[in-house]
Amino acid sequence: MTTAGNITVLSPSEAAYQAAAEALGQGHLVILPTETIYGVFADSSNPAAMASLEKLVGAEAAHTAGWHAPSVEAVLDRVKTNHPIHQRLVERLLPGPAAIVFESGDSVRVPDNAAALAVLQTAHDAGQTRILGVGLANDVFGSGEAVRPMLDNDALRNQFEDADVRVVIDGGTTVMGKPSTVIRLTSDGDYELTRQGPIGEHYIRDRLRRRVLFVCTGNTCRSPMAQVIATRELRESGEPEDLVEVTSAGISAGEGMPITPEAIEALEKLGYMASHHRSRQVTPTDVNRADEIYTMTNAHLAALRRHFPGAAWKIQTLDPEGGDIQDPIGGPPEVYDQACRAIL
């Protein structure tokens, strides 16, 4: 522990996290590292703390300060999303270097920094459930990537003391060294980037993509039919085309075989058109990339879970009741029709 005037400067530790959380609970300001830049934090339920925050960063910044939540679960408990893309943004970009502005106008971050999260969780557990933070990166505070230069500046240190900053956790230079990307959710279920930051549009779109994998035995009948059906159904449900990736593979598939003519005919009877398809064996990459994996039988389910135990949580039978969709290979058209209807 060191001091800078009346400010206690601590290295990351359990004791430091407790001290910072207690300072927040007493209405003081604290400065914490995040993965992006350092920020100053205050308990929004304490008028004196909010007055101190305004004194330090100005009225506009204080009034638009973002809630820094201790977890994604805390965010979803408090702020409701009305669209699946918005839900996915929260679940897949947080924790991380993004601030999400909801339709209500609330700005939310879950920092990807152990010290910040520990302080926020400790404060949350003590009843301070809405801690607001403002990044310390501007013409006054500098780049915000390190706190030591601010504390070594007499004018800034005096400014911190005057604004009742009591605890600083010095975690060294931040990983990213720039303010977070700001993403505003729109009423039509989409979003817009209102401030560029560490993550850009390409990364966001990739994280938002819903990847669905269907698995059968040979990847020439059931799983290709499921792929065709799911691709259209998901897009017609409103999923943006570039955010849906539906694939299929087989447990014991030969490489490069087309979907069987009987499967194509069964699909056409139900109004679906099969696209170009070549069979392939399911791979570890397929399993790792997929968000959802659906098998045609319980035997497929057991095989995949045995080979990929770390992915067991996202593998399930296509039949929600756990029934098997029997293999129609070699059977008459009626058997293919039955399998196709079972998939649908």
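This text goes with the structure placed above it.
The notes below deal with the structure included here.

Comments concerning the overall build of the protein
- If you tally the helices and strands in the protein, you get 14 helices and 15 strands.
- The C-alpha radius of gyration computed for the protein amounts to 26 Å, which surpasses the reference 20 Å derived for 344 residues by more than 25%, pointing to a less compact arrangement than a globule.
- With the C-alpha coordinates of the protein rotated into their principal frame, the extents come out at 85 × 40 × 30 Å.
- Summed over its atoms, the accessible surface of the protein is roughly 15,700 Å², and 48% of this surface lies on carbon and sulfur atoms.
- A gap of 3 Å separates the mean positions of the 29 positive and 45 negative side-chain charges of the protein.

Description of the nonpolar core
- Among the nonpolar cores identified, the biggest contains 49 residues, and Ile31, Val40, Leu53, Leu56, Leu89, Phe160 and Val165 are the most heavily contacted of them.
- Ignoring sequence-local partners within four residues, the contact set of Ile31 consists of Tyr38, Gly39, Val40, Leu136, Val147, Phe160, Val165, Val167, Val168 and Ile169.
- Grouped together as the second largest cluster of nonpolar side chains are 25 residues, Cys216, Cys221, Val228 and Ala263 included.

Some details on the packing of aromatic side chains
- Scanning the model with the defined rule gives two aromatic pairs in all.
- In this structure, Arg78 is placed above the aromatic ring of Trp67, and the distance from its NZ or CZ to the ring centre is 5.0 Å.
- Arg232 extends its terminal NZ or CZ atom over the ring of Tyr272, reaching a point 4.0 Å from the ring centre.

Conventions used here
Residues numbered from 1 in each chain as written. Predicted model: local features only at pLDDT ≥ 70, side-chain atom pairs only at ≥ 80, totals over all residues. Heavy atoms only, no water. Helix = DSSP H or I, 4+ residues; strand = E, 2+ residues; numbered from the N terminus. Rg over C-alpha atoms; globule rule 2.2 N^0.38 Å. Areas by Shrake-Rupley, 256 points an atom, 1.4 Å probe, with all protein chains shown as cover. Lys, Arg positive; Asp, Glu negative; His and termini not counted. Charge placed at Lys NZ, Arg CZ, Asp CG, Glu CD. Core = buried A, V, L, I, M, F, W, Y, C linked by side-chain atoms within 4.5 Å. Buried < 20%, exposed > 50% of the residue type's maximum accessible area, 1.4 Å probe, protein only. Contact = heavy atoms within 4.5 Å. Phe/Tyr/Trp six-rings, centres within 6.5 Å; stacked < 30°, edge-to-face > 60°. Lys NZ or Arg CZ within 6 Å of the ring centre and 35° of its normal.

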